[in-house]
Amino acid sequence: MKKSSLVRMSFSIEKELFEELEALFAQTGGGNRSEFIRDMIRKQLTRKRCSCDGKVIGTISVLCDPDWEGAESKVMALLNRESVKTLGATRFTVEENYSTTMITIVGTGRNIRQLVDDIRQIKGVRQAEFVITAPAFHRG
């Protein structure tokens, strides 16, 4: 039988904060409070990795105005940087007024943030947002 690697801990928080936490937990549909807390910790650690030089996986959502011809091709050209790895991209037209591209990417938080900032500078890009999905783990 495999030995558990779980560590038990306890902590104190203000009643108001506890009530907000319970309300947030209830919105998830209940289940396991320990897993809920572990997931919150994982998300915070991932955000920290993104602010540093840790590798992360995430998506960049780009909204382009089609009246600016060439905006999409300029976005795609930026994805060829050696500092990040594009895993895939999907483009959609939204109400014939805009196009949106979802790009799955791996790289350091610093390099991805720079890429998103550069994408935002392209004329015709209305919005570009990066969402971290998870830290990028290496198996070895």
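### Some words on the pairing of strand β3 (residues 98–108)
- Most of β3 sits inside the fold, with eight of its 11 residues counted as buried.
- Across 10 bridges, the pairing between strand β1 (residues 55–64) and β3 is antiparallel. Bridging from a neighbouring strand, V56 pairs with G107 of β3.
- Hairpin remark: strand β2 (residues 84–94) followed by β3, antiparallel, with three residues in the connecting loop; positive phi at E95, about 50°.

### Description of the pattern of salt bridges
- Under the criterion given, the structure shown has nine salt bridges.
- Across the pair D65 and R126 runs a salt bridge whose closest N-O atoms are separated by 2.6 Å. Within this pair, whereas D65 is found in the loop between β1 and α3 (71–78), its partner R126 is found in strand β4 (residues 125–135), the two being separated by 61 residues in sequence.
- Assessed through its relative accessible area of 8%, D65 is described here as buried.
- Overall, the relative accessible area of 51% leaves R126 in the exposed class.
- Of the charged contacts in the structure, one is a salt bridge between R81 and D118, with a shortest N-O distance of 2.3 Å.

### Digging into the packing of aromatic side chains
- Counting across every chain of the model gives one aromatic pair.
- Ring plane angle 70° and centroid distance 5.2 Å describe the contact between F25 and F36, whose orientation is recorded as edge-to-face. A residue pair is termed long-range when its members are at least 10 positions apart, and F25 in helix α1 (residues 15–27) and F36 in helix α2 (residues 33–51) qualify at 11 residues. Across the pair, F36 and F25 agree in class, each one buried.

### Some words on α3
- For α3, every residue scored as buried is listed here: A71, V75 and L78. Relative to the axis of α3, the buried residues are bounded by an arc of 60° and lie together on one face.

### Quick look at the side chain of S99
- Inspection of the secondary structure puts S99 in strand β3.
- For S99, the contacting residues outside a window of four places in its chain are V62, L63, C64, E72, R91, F92, T93 and V94.

### Things to note about the nonpolar core
- I60, V62, V75, I112, L115, I119 and V125 are the most contacted members of the largest nonpolar core, which has 19 residues in total.
- Elements that contribute at least two residues to this core include exactly β1, α3, β3, α4 (109–120) and β4.
- With near-sequence residues (within four places) excluded, I112 lies in contact with V56, I60, V84, I105, V106, G107 and F130.

### Details of the side chain of D65
- Of note is the side chain of D65, whose polar atom sits 2.6 Å from the side chain of R126.
- Beyond its immediate chain neighbours, meaning those up to four positions away, D65 contacts N97, Y98, G124 and R126.

The rules behind these values
Residues numbered from 1 in each chain as written. Predicted model: local features only at pLDDT ≥ 70, side-chain atom pairs only at ≥ 80, totals over all residues. Heavy atoms only, no water. Buried < 20%, exposed > 50% of the residue type's maximum accessible area, 1.4 Å probe, protein only. Helix = DSSP H or I, 4+ residues; strand = E, 2+ residues; numbered from the N terminus. Pairing = 2+ DSSP bridges. Salt bridge = Lys/Arg side-chain N within 4 Å of Asp/Glu carboxyl O. Phe/Tyr/Trp six-rings, centres within 6.5 Å; stacked < 30°, edge-to-face > 60°. Arc of directions from axis to C-beta. Contact = heavy atoms within 4.5 Å. Core = buried A, V, L, I, M, F, W, Y, C linked by side-chain atoms within 4.5 Å. Polar contact = N/O pair within 3.5 Å; in protein donor to acceptor, adjacent residues only side chain to side chain.

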